[in-house]
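Chain by chain, the residues:
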Amino acid sequence: MTDELVRVKVLLLFGDEAEIVADVPEEERAAPERYPAAQIAQAVGLEPRQLPGKALTAEVGPDDRLRGWQLA
C-alpha cells in the first residue's frame, strides 16, 4: 500500500513546532496540526525560521500523521 501524498502549508511557528494546514482554500481547512519544526526544516533543507508560508508535500502515514516532507 502506498501512502497518500498531500499538499500542506506552514502557517507559523509556535515555539519549536510548526502549525500545518492542508493547502486548500481557507474555508475548507481543518484546524492546524503541530509538528516539530526542526524535523520538517531538516527534511526540506531550510532553517526552521524559514518555514512559515512554505508550501510542502507530505505523506499521510498509517497513523494519519504526516511524514516525508518535501518542498512543493
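Every value quoted in this text rests on a predicted model; they were computed, and no experiment measured them. The numbering scheme is per chain: residues are counted from 1 as the chain's sequence reads. Two thresholds apply to this predicted model, a pLDDT of at least 70 for residue-level local features and 80 or more for giving and counting side-chain atom pairs, whereas whole-chain, interface and lining totals are computed over all residues. To obtain the side-chain values, all non-hydrogen atoms of the structure were included, while hydrogens and water were left out.

*Asks:* Provide a residue-level description of the pairing of strand β2 (residues 17–22), including the pertinent values.
*Replies:* Here, any two strands with at least 2 DSSP bridges between them count as paired. In DSSP terms, a helix is any run of H or I states spanning at least four residues, a strand is any run of E spanning at least two, and both are numbered starting from the N terminus. The sheet contact formed by strand β1 (residues 4–14) and β2 spans six bridges and is antiparallel. Following the sheet pairing, V8 is matched in β2 by A22. In this antiparallel pair of consecutive strands, β1 and β2, the connection spans two residues, and G15 shows a positive phi of 65 degrees. Pairing between β2 and strand β3 (residues 33–36): four bridges, direction antiparallel. By the bridge assignment, E19 is partnered in β3 with R34.

*Asks:* Go over the sheet that holds strand β5 (residues 66–71) with me, naming the residues and quoting the values.
*Replies:* Here five strands make up an open sheet; going across it, the order is β3-β2-β1-β4-β5 and the pairing antiparallel. The open sheet terminates on both sides in strands that have one partner only, identified here as β3 and β5. Here the average twist between neighbouring strands, direction ignored, is 45 degrees. Of the pairings in the sheet, the one linking strand β4 (residues 55–60) to β5 comprises four bridges and is antiparallel in character. Each residue of the ladder has a partner; that of E59, found in β5, is R67. Any pair of residues with heavy atoms lying within 4.5 Å of one another is described as a contacting pair. Geometry is summarised by axes, namely lines fitted to C-alpha atoms with helices restricted to the contacting stretch, and by angles between N-to-C directions that run from 0 to 180 degrees. Contacts from helix α1 (residues 37–44) reach β1, β2, β3, β4 and β5, with the element oriented near 65 degrees to β3.

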